[in-house]
2 protein chains.
Amino acid sequence: MATKITDAFWRRYQSIVKNEMLPYQWKVLNDEADICIERERDDSSIPNEKSHAIENFKIAAGQSAGNHYGWVFQDSDVYKWLEAAAYTLENDMDQELKELADKVVDLIGSAQEEDGYLGTYFTIEAPERKFKRLSESHELYCAGHFLEAAVAYYGATGNEKAVGMACKLADCIDRHFGKEEGKIRGYDGHEEIEIGLMRLFHLTGEERYLNLSRFFLYERGADNAFFEKQKAEDPNQTPLIQGLDKFPLSYYQVHKPILEQDTAEGHAVRLVYMCTAMADAAEASGDEKLLNVCRKIWRNIVDRRMYITGGIGSTVIGESFTFDYNLPNDTMYCETCASVGLIFFAYQMLRNEIRGEYGDVMERALYNTALAGMALDGKHFFYVNPLEVNPESSRRDPGKSHVKAVRPEWLGCACCPPNLARLLASLNHYVYLKKETTVYSVLFMNCESEFETEKGSLFVRQETEYPYKGTVRFLLRQNGDEELGFAVRIPGWANRYTVEWNGQIVDVKSKDGYIYFRKRFTDDTITLQFDMEIEVWEANPLVRADIGKAAVSRGPFVYCAEGIDNGENLHLLKLDAQAGFRYSYDAQLLGGVGIIKAFGYRQVPKPGALYHKMNDLGGETETEITLIPYYAWANRGVNEMRVWMRRKDSAKPFDIPN
Amino acid sequence: MATKITDAFWRRYQSIVKNEMLPYQWKVLNDEADICIERERDDSSIPNEKSHAIENFKIAAGQSAGNHYGWVFQDSDVYKWLEAAAYTLENDMDQELKELADKVVDLIGSAQEEDGYLGTYFTIEAPERKFKRLSESHELYCAGHFLEAAVAYYGATGNEKAVGMACKLADCIDRHFGKEEGKIRGYDGHEEIEIGLMRLFHLTGEERYLNLSRFFLYERGADNAFFEKQKAEDPNQTPLIQGLDKFPLSYYQVHKPILEQDTAEGHAVRLVYMCTAMADAAEASGDEKLLNVCRKIWRNIVDRRMYITGGIGSTVIGESFTFDYNLPNDTMYCETCASVGLIFFAYQMLRNEIRGEYGDVMERALYNTALAGMALDGKHFFYVNPLEVNPESSRRDPGKSHVKAVRPEWLGCACCPPNLARLLASLNHYVYLKKETTVYSVLFMNCESEFETEKGSLFVRQETEYPYKGTVRFLLRQNGDEELGFAVRIPGWANRYTVEWNGQIVDVKSKDGYIYFRKRFTDDTITLQFDMEIEVWEANPLVRADIGKAAVSRGPFVYCAEGIDNGENLHLLKLDAQAGFRYSYDAQLLGGVGIIKAFGYRQVPKPGALYHKMNDLGGETETEITLIPYYAWANRGVNEMRVWMRRKDSAKPFDIPN
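Conventions and cut-offs
Residues numbered from 1 in each chain as written. Chains lettered and ligands numbered in written order. Predicted model: local features only at pLDDT ≥ 70, side-chain atom pairs only at ≥ 80, totals over all residues. Heavy atoms only, no water. Helix = DSSP H or I, 4+ residues; strand = E, 2+ residues; numbered from the N terminus. Buried < 20%, exposed > 50% of the residue type's maximum accessible area, 1.4 Å probe, protein only. Areas by Shrake-Rupley, 256 points an atom, 1.4 Å probe, with all protein chains shown as cover. Lys, Arg positive; Asp, Glu negative; His and termini not counted. Charge placed at Lys NZ, Arg CZ, Asp CG, Glu CD. Axes fitted to C-alpha atoms, helices over the stretch in contact; angles between N-to-C directions. Parallel < 35°, antiparallel > 145°, perpendicular 65-115°, else oblique. Left-handed = near helix turned anticlockwise from the far one by under 90°. Contact = heavy atoms within 4.5 Å. Pairing = 2+ DSSP bridges. Salt bridge = Lys/Arg side-chain N within 4 Å of Asp/Glu carboxyl O. Polar contact = N/O pair within 3.5 Å; in protein donor to acceptor, adjacent residues only side chain to side chain. Least-squares fit on C-alpha atoms with pLDDT ≥ 70 in both. Nonpolar A, V, L, I, M, F, W, Y, C, P; charged D, E, K, R; others polar. Buried area = accessible area lost by both parts, 1.4 Å probe. Core = buried A, V, L, I, M, F, W, Y, C linked by side-chain atoms within 4.5 Å.

With that out of the way, let us pick up the overall build of chain A. Helices and strands together make up the secondary structure of chain A, namely 18 helices and 24 strands. Once the C-alpha set of chain A is aligned to its principal axes, its extents read approximately 75 × 75 × 50 Å. Burial statistics for chain A: of 658 residues in total, 63% are counted as buried. When the accessible area of chain A is evaluated, it comes to approximately 22400 Å², of which 45% is carbon and sulfur surface. Side-chain charges of chain A comprise 76 positive and 99 negative groups, with the mean position of each set lying 4 Å from the other.

All right, on to the packing of helix α13 (residues 288-305) of chain B against helix α14 (residues 336-352) of chain B then. Residue and element names in this part refer to chain B. Two numbers describe how α13 lies on α14: the axes approach to 11 Å, and their chain directions differ by 130 degrees. Considered as vectors, α13 and α14 are oriented oblique to each other. Handedness of the crossing formed by α13 with α14: left-handed. Contacts from Leu291, Cys294, Arg295, Trp298 and Ile301 of α13 reach α14 at Leu342, Phe345, Ala346, Met349 and Asn352.

Looking now at the sheet that holds strand β10 (residues 484-489) of chain B. Residue and element names in this part refer to chain B. The strand order β5-β6-β10-β13 describes an open sheet built from four strands, whose pairing is mixed. Pairing within the sheet leaves two strands with one partner each, and these edge strands are β5 (432-435) and β13 (514-519). Pairs of neighbouring strands in the sheet enclose a mean axial angle of 20 degrees, with direction left out of account. Running at roughly 30 degrees to β5, α14 makes contact with β5 and β13 of the sheet.

Before going further, it helps to examine the side chain of Asp7 of chain A. Residue and element names in this part refer to chain A. For Asp7, the location among the structural elements is in the loop between β1 (2-5) and α1 (8-29). The side chain of Asp7 sits in the buried core without any salt bridge; Arg11 is the nearest counter-charge, 8.9 Å away. Of note is the side chain of Asp7, whose polar atom sits 2.9 Å from the backbone nitrogen of Phe9. A distance of 3.2 Å separates a polar atom in the side chain of Asp7 from the backbone nitrogen of Trp10. Among residues more than four places away in sequence, those in contact with Asp7 are Met445, Asn446 and Tyr466.

What relates the pair of chain copies is a rotation about an axis plus a shift along that axis. For the match of chain A to chain B, the screw axis carries a shift of 0.1 Å, the RMSD comes to 0.0 Å, and the turn is 180 degrees. Here the copies are linked by what is in effect a two-fold axis. Considering only C-alpha atoms, the residue of chain A closest to the rotation axis is Asp649 of chain A, which sits at 3.2 Å. Comparing interface residues between copies, 99% of those in chain A also sit at the interface in chain B, which points to an isologous, same-surface contact.

Any two packed helices are characterised by how steeply their axes cross, that is the angle between the axes, and by the distance between the axes. All names here are of chain A. Helix α13 (residues 288-305) packs onto helix α12 (residues 268-285) with a crossing angle of 140 degrees between their chain directions and a minimal axis gap of 9 Å. For the element pair α12 and α13, the recorded crossing hand is left-handed. Packed against α12, whose contacting residues are Leu271, Val272, Met274, Cys275, Met278, Ala279, Ala281 and Ala282, the element α13 presents Leu290, Leu291, Val293, Cys294, Ile297 and Ile301 at the interface. Considering only residue class, the contact of α12 with α13 consists of 14 nonpolar, no polar and no charged.

On the side of chain B, 69 residues touch chain A, which itself brings 70 residues to the contact. Between chain A and chain B the total buried area reaches about 5900 Å² when both faces are included, carbon and sulfur atoms providing 57% of it. Summed over the three residues of chain A that lose the most area to chain B, namely Arg544, Tyr611 and Met614 of chain A, the buried surface amounts to 15% of that side. Linking chain A with chain B are six salt bridges. In this structure, Arg544 of chain A engages Glu640 of chain B in a salt bridge whose closest nitrogen and oxygen atoms are separated by 2.9 Å. Along the contact surface separating chain A from chain B lie 20 residue pairs in polar contact (both at pLDDT 80 or more). Among the secondary structure elements, those contributing two or more residues to the side of chain A that touches chain B are α13, α16 (391-396), β15 (534-539), β21 (611-613) and β24 (645-647) of chain A.

All names here are of chain A. Across the two faces of β1 the burial differs, with Thr3 and Ile5 buried and Ala2 and Lys4 not buried at all. Relative to strand β7 (residues 447-453), β1 runs antiparallel, the two sharing four bridges. Bridge pairing in β7 places Thr3 opposite Ser449.

Below, the discussion takes up the nonpolar core. The tendency in soluble globular proteins is for nonpolar side chains to be buried as a group. Counting residues in each nonpolar core, the largest one holds 232 residues, and the members touching the most others are Trp10, Ile301, Phe474, Phe486 and Tyr631 of chain B. When near neighbours in sequence (up to four residues on either side) are disregarded, Phe474 of chain B contacts Tyr432, Ser441, Phe444, Val460, Arg461, Gln462, Phe486, Val488, Asp524, Thr525, Ile526 and Leu528 of chain B. Core analysis: the next-biggest nonpolar cluster, separate from the first, contains 231 residues, Leu244, Ala370, Val488 and Leu590 of chain A among them.

Attention now goes to the environment of Tyr69 of chain A. Residue and element names in this part refer to chain A. Assignment of secondary structure puts Tyr69 in the loop between α2 (53-60) and α3 (75-91). What makes Tyr69 buried here is its relative accessible area of 17%. Distance in space between the C-alpha atoms of Tyr69 and Trp633 is 34 Å, their sequence separation being 564 residues.

Looking now at the pattern of salt bridges. Summed over the entire model, instances satisfying the criterion amount to 114 salt bridges over all chains. In this structure, Arg199 of chain A engages Glu83 of chain A in a salt bridge whose closest nitrogen and oxygen atoms are separated by 3.2 Å. Of the two residues, Arg199 of chain A is situated in helix α9 (residues 193-204) and Glu83 of chain A in helix α3; the sequence distance between them amounts to 116 residues. The class of Arg199 of chain A is partly exposed, set by a relative accessible area of 21%. Judged by relative accessible area, Glu83 of chain A falls into the buried class, the value being 2%. The salt bridge involving Arg636 of chain B is made with Asp565 of chain B; its shortest N-O contact spans 2.8 Å.

With that settled, the discussion passes to unusual backbone geometry. Pro467 of chain A follows Tyr466 of chain A through a cis peptide bond whose omega is 5 degrees. In this fold, Pro467 of chain A is placed in the loop between β8 (456-464) and β9 (471-478). Notably, Asn502 of chain A is not glycine yet its phi reads approximately 50 degrees, a positive angle. Among the secondary structure elements, Asn502 of chain A is positioned in the loop between β11 (497-501) and β12 (504-506). Among the residues examined, Asn502 of chain A registers a relative accessible area of 40% and is labelled partly exposed. A positive phi angle is found at Asn569 of chain B, which is not glycine, with a value near 60 degrees. Positionally, Asn569 of chain B belongs in the loop between α18 (563-566) and β18 (573-575). For Asn569 of chain B, a relative accessible area of 18% gives the class buried.

If you want it as structure tokens, here you go:
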């Protein structure tokens, strides 16, 4: 499969990755950027003086002297940078960037130990603790990221050295972990190695890597005293990360054996990384039991624990899921990385079974929380993606210190920016999915693709003004005489759609969110017209935080109100969903966004007493409410924002006006 | 002034203090109670194995061996017990209790050092750190509580030993603190000594105690690097309380000189204790500047930072105030102690100036948050008094671990139960206020009082069915021939009232919430009839947490809905304030409470998707909503509760039905 994105909306982001994020992050990793690294929240244990990530590798390689600095997982920043660079080179070869990336591979290679071990903290500071405190060490987590980067880099550049290092590292891990006598029977506190091993398996076909990935998954929670036992035997009792002790076993998804887990628990990024690997391994090994676990956790996330923006993680404490329908809008976590991981999980589920909802969630997370993770300038990043912000609360309510009102330049724990960069740069891998002789369209954007199927190649050109207009045209041509399949996802938000096949309106029933075509494609044109209307949503009434409120969307974008457009105290506004909306595209605003104007009311605050008798009630004035796409918020300075607006009571159900 | 409460409602509480709380707390202080001490929140540094408070005194007195256990301020639990015992003896002399209390005084005396120093932690564990780490040590805080207890105990029993020890302790402090060369120019992290010194001054007339109290107040924040300097010079760098470092200077009210403070900042209990002492010292020394600070902070609390239940402290982090109109109902602190302190502050303000609002706030805090701090059985206590509780959130949202859904038996930091006990036992001191030749009625309850004024004594009998009915009758008789004054507070909740004087309806205008009578009282009868209606309240619209919601009250009681009466998911209910209410007194329920039945709607949850388009909206069903007085909640097992109910939109202002 090879897809070349030509879409202006997404190429802009890929160009930001290439021209802003990668050079900028490179400077940060080298401590050459003149920036302020903010802590994610009020916690003095977060290292924020510098990144030091490249220097750590130099010290481990013997090219420099000094101590390791930063988080124990600091290496992964470099691997994610390398992975993003790889995809960028795949999209747009650039000799200078390639030479830089080659040097990074060389540097990592110099830091890799003779036996394949790779991990600068332990090489430099604590070789005696290698693999001895896996609850906190992130050793396998970092290794997993290196495996992903190496596979991507090979795919982009054919650099075999990186893959060689990856295999050497995977073999080292394979020698240390397993059920056999003398090996460690356990797992990392933070899932990721399982994903890396799957990717290395897909590239090399080496079954040992698939088996090792499955081993780590199936061991998870099988012996849930594993971390305690390791801690007791660790030669050094200093924690590698302060404060992780206080979290329950579910934080690490080790509270139960993996096959018994049926809800999304604990640290949200860890959970979706685990699920990504599970779904991948289930597909690769035909493991229906594993797939069933994925299905249950998926249902739990999507039906009960996911924000309308595709954000996940309801609490900052442990950056974790909490419980069903608990979706507070102003204290949540909704880490950018978690939504990136949710996209990975959804795509792996789609590989197992073709259901439109997987693509719907990818779209929801991508166009909303993932994009919101980055400022329009590509140089400022959110870690936490709130659905409701009052800057005064962020400043003065210590329970909301993690909810930033503008994107900081860089963060003490810099996982999110490079994670977002690698997603944006690799987006061509998520536009379609090929299974046997059928190609499935997943995301809508202008692009050209060529697919090698078992029965010949299929060329597809996609033409659309998505995400602003609902028309998507596919031009299909194939080599070979046998019939091929082509399927298109019908987005969950589309109330109505029409299908034209070579100029003729056809009546095609969708199955699980997809419509299917099968023939010998000879310059066929399939045109879908989704009615892209303004939609008003309410949450399941069991979501306490959203009761009596409404959220507005159009196409893949969830909308929000900002203070700069609507004045302060957004909670005073009430949307009248029955009064209609106006939509217009403004090319000048926020890099080009569709604006929604709504009719509503503003409660007039009354000076004086804190509590009034109801018959003293002040009035409401009519007002216009301006909404912008959520991803574009916080690009005009510090101000309030909210996604879920209070709504005027409606006496009866009603239809949405066009 | 001597008031004897005869009121059934309050005598029941005083009898609970005498027969349940004091014996129970005595067992706890002696580690003889078979109870589970809960931590206030998820924090493993909170000592919760035992109280050890009496044992600490025995060790300090050389009567027992071992180490100090518990908080550095553990002594104050014993002092607050002694103070509550004192008031109880004042109400109902009991030889057995007196002998026990005498022994406690003796024990404390044996633990007092030769120079007057009193503080078991430092005597036992760290004599070299005495007065060296005042930000955390609570040495003067504990001393202040002993002073209060000693003064109360003398008042009840005439025991001079206690007062002698108090003077010896105050003199010791006076020798160590002051502006003079060689003395410590600083203050305690937790205000309280200032209150204790004022009480000792009022009893003894010794101006040094007034001056020392004023010294501590005026030093506060004058040099706000004082704590840092002390820490740097502390011979032992181990903190006395883990984690206090992370709080800002405003936590201790030392961020600015006291005369520049005009908002309620930091730890709520500390703030109101400071204000109590300030208002007392302002009155005693005619210090208008100090009184003006009190007025500003009062306005800030009452107009912007106080819950409708009289609770204060918007965040668990630092148990602190946050900012104007920030009054979240489900994450707040609203510590019982803070409302007890607010009552003290209000009463001291009333001593400075006669304004009904001070009595209104005393009533609000007393009948709601303070009473809610205790279960009806007198054996279980809230520290945190939420206005909205979902037990599942308390269990599974780590940001709400401090919000308990039922009262624990005892708490790791046991400040609240004894603080509540001393308030309830001393309530007779707050029913009236005497200034010169006028007696002011503050709280309404059946009682008999005799006041010595400058111009003879005044006998007052108060007869009422308050808090259930709005009629209050005062029978007045005096000795002496000159005219005396009598004034009655008109509660802020009363829309209408009538006044009868010796059987004649009279037209009396109120001034600042009080109506005044002046004459020579010879068996006069003044009867007030307040229309005690059901009132519906809305918060100032700037209170985000309460927008679109209503709270219901009747007389001094704020009402709430509980799950046991209304089913789960109280957020689904919507009150129709225009549809009227029914009130009935139920003698069988919750020890006798007035029940309010309201008309409303229940949103019907719909199974399935987390987000629905608005035209998929499920319906509402009509329902009856049952409300009970807030103080009585959580006496029928674990269930949901909320004070602020969503309300149905009303098109226009309306009158409240009777």
